[in-house]
Structures are given as C-alpha cells and as structure tokens.
Amino acid sequence: IVAFLSGSSLALSNPQDSGTEEFFLAKAYWALSSYKEAEEEAMEGARRFPGQARFPALLGMVALSEGRYEDAVRHNRAAIETDPRHADAHHNMGLAWLLMGRVEDAARAVETALALQTNDRYFYTLAKAKEALGKREEASRLFAEYLARSKSSDPYRDDAKRSMAAIQSKGLP
C-alpha cells in the first residue's frame, strides 16, 4: 500500500509537461525585447511540442519584431499548417505581408483572422491594409471599429485617428 501511494503521489506531483511554461517564458522574453532568448525558447518548444501552433506563431512574432518579415511569414505559415484556426498566426502573417508591401495578401490574411476571432488590433491592421489599397470607405469604417473597441491606452489609437482624419479630409467616394 505504501509503495502504491508513493508511486501515485509522485505521479500526481509531476504532471505531464504541456509546453505552457516554455511558451510563457519565451513570450516573456519577447515582451522584454530579448528576442534571442525568446527565439531560443520558442525553438525548443517547437522541437518538443511539434503539434502546437503557438510556438511557430511566437517565432513569427519574434521575426516580425526584428524586421525579418520573410521569416515571420514562414513561421506563421507553419503555425497555420499546424492549426488552421490560429487567428494570431493569420493576423501576424498579414502584418508581415503589409510591411513587405504585399497589401492584398495582407488584407486576405487579416480578414481570415477576423473571421476566426474578434480582436481590436485586427481591425486596425485590416484598416491599414484597406487604406493602402485605396479602399478609403472600408478603411474609415475599420478604423472607427478599432477605436470603438480598443482601450484608450492602446498605442495605435492616435495613428488610427490621424488616418481617419486624413481619409475624411479627402472625402469618401
């Protein structure tokens, strides 16, 4: 009985590793702009947990933060192949494409992200893509949606207001 209880006790105190600790450590490094450490942790997580899309998506965030847009697309594509419903991967791939000047691809990717999940920032990114495509009315509507949904502390609000004002000063079609 003692051996059974000891074995059960050890099994309960050592739960199956899910990758959550690795993910949050990598994400914390990313949030602190420690991109090398974030990338190392996320790479290890991707190696240990190949069925989890969150690790390649985080690698995409690191690449995006470092201006490595092609790498960001590649990592987010891997995340989407693992989990086609990973909204952040679609959004971040769209953001990378937007920064690369592939505006139509960017808009499609962010539209997919929005179809999967509502997120304030997705509205902003899609508005920027529509603005770049010359679709001023759509862009204005999306900026307004972003402003209505986002917190007053969101750092993109001022840009959204400026963009809306510029669109409105030109007049809508």
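Below, the structure is looked at part by part. Fair warning: this is a prediction, and the values are worked out from it, not measured in the lab. (Residues numbered from 1 in each chain as written. Predicted model: local features only at pLDDT ≥ 70, side-chain atom pairs only at ≥ 80, totals over all residues. Heavy atoms only, no water.)

A look at the layout of surface pockets
- In this structure, the largest pocket spans a volume of roughly 710 Å³.
- Lining of the largest pocket is provided by 26 residues; of these, Leu64, His91, Asn92, Leu95 and Arg121 occupy positions nearest its centre.
- In terms of residue class, the lining of the largest pocket is made up of 13 nonpolar, six polar and seven charged. (1 Å grid on protein atoms, 1.4 Å probe; cavity = no way out; pocket = protein on both sides within 12 Å on 5 of 7 lines; lining within 4 Å. Points joined across faces, edges and corners; volume = space filled by probe spheres on them. Nonpolar A, V, L, I, M, F, W, Y, C, P; charged D, E, K, R; others polar.)

A closer look at the nonpolar core
- In this structure, Trp97, Tyr122, Leu126, Phe143, Tyr146 and Ala160 are the most contacted members of the largest nonpolar core, which totals 35 residues.
- Residue contributions to this core peak at seven residues, all from helix α7 (residues 103-116).
- When residues no more than four places from it in sequence are discounted, the contact partners of Leu126 are Ala107, Val110, Glu111, Leu114 and Leu142.
- Core analysis: the second largest hydrophobic core is formed by eight residues, Ala26, Ala42, Phe55 and Met61 among them. (Core = buried A, V, L, I, M, F, W, Y, C linked by side-chain atoms within 4.5 Å. Buried < 20%, exposed > 50% of the residue type's maximum accessible area, 1.4 Å probe, protein only. Helix = DSSP H or I, 4+ residues; strand = E, 2+ residues; numbered from the N terminus. Contact = heavy atoms within 4.5 Å.)

Overview of the pattern of salt bridges
- All chains considered together, the criterion is met by 16 salt bridges.
- Where Lys128 meets Asp159, a salt bridge forms, and the shortest distance between an N and an O atom there is 3.0 Å. Of this pair, Lys128 sits in helix α8 (residues 120-132) while Asp159 sits in helix α10 (residues 157-170), and the two are 31 residues apart along the sequence.
- According to the relative accessible area criterion, Lys128 is partly exposed, its value standing at 22%.
- Each of Glu39, Glu66, Arg68, Asp71 and Arg74 takes part in one network of salt bridges that share partners. (Salt bridge = Lys/Arg side-chain N within 4 Å of Asp/Glu carboxyl O.)

Thoughts on helix α6 (residues 87-100)
- Between its first and last C-alpha, α6 extends 20 Å over 14 residues, near the 20 Å set by a 1.5 Å rise per residue.
- Burial analysis of α6 places ten of its 14 residues in the buried class, the great majority of the element.
- Along α6, the positions that sit buried rather than exposed are Ala87, Ala89, His90, His91, Asn92, Met93, Gly94, Ala96, Trp97 and Leu98.
- In the core, the buried residues of α6 are packed alongside α4 (54-65), α5 (69-82), α7 and α8.
- Among the residues trailing α6, Gly101 stands out with phi positive, at a value near 90°. (Expected span 1.5 Å × (residues − 1).)

Some words on unusual backbone geometry
- With a phi close to 60°, Ser33 is a non-glycine residue in the positive phi region.
- Assignment of secondary structure puts Ser33 in the loop between α2 (20-31) and α3 (35-48).
- The partly exposed category is assigned to Ser33, whose relative accessible area is 45%.

A short note on the packing of aromatic side chains
- Scanning the model with the defined rule gives six aromatic pairs in all.
- Their ring planes at 80° and their centres at 6.0 Å tell us that Phe23 and Phe55 sit as a pair that is edge-to-face. Taken together, the positions of Phe23 in helix α2 and Phe55 in helix α4 put the pair 32 residues apart, joining distant regions of the chain. Across the pair, exposure class does not vary: Phe23 and Phe55 are buried alike.
- Ring centres of Phe49 and Phe55 lie 6.1 Å apart, and the angle between their planes is 15°; this geometry places the pair in the stacked category. (Phe/Tyr/Trp six-rings, centres within 6.5 Å; stacked < 30°, edge-to-face > 60°.)

A few points about the environment of His75
- Along the chain, His75 turns up in helix α5.
- Between the C-alpha atoms of His75 and Ala89, which are 14 residues apart in sequence, the distance is 8.5 Å.
- When neighbours within four sequence positions are excluded, His75 is seen to be in contact with Pro56, Ala57, Leu59, Gly60 and Ala63.

A word on α4
- Relative to the 16 Å expected for twelve residues at 1.5 Å per residue, α4 spans 16 Å between its end C-alpha atoms, a close match to the ideal helical length.
- The buried fraction of α4 amounts to ten of the twelve residues, a majority that puts the element mostly inside the structure.
- Residues of α4 that are buried include every one of Phe55, Pro56, Ala57, Leu58, Leu59, Gly60, Met61, Val62, Ala63 and Leu64, and no others.
- Packed against the buried residues of α4 are α2, α3, α5 and α6.
- Once α4 finishes, Gly67 follows within two positions and takes phi at roughly 75°, a positive value.

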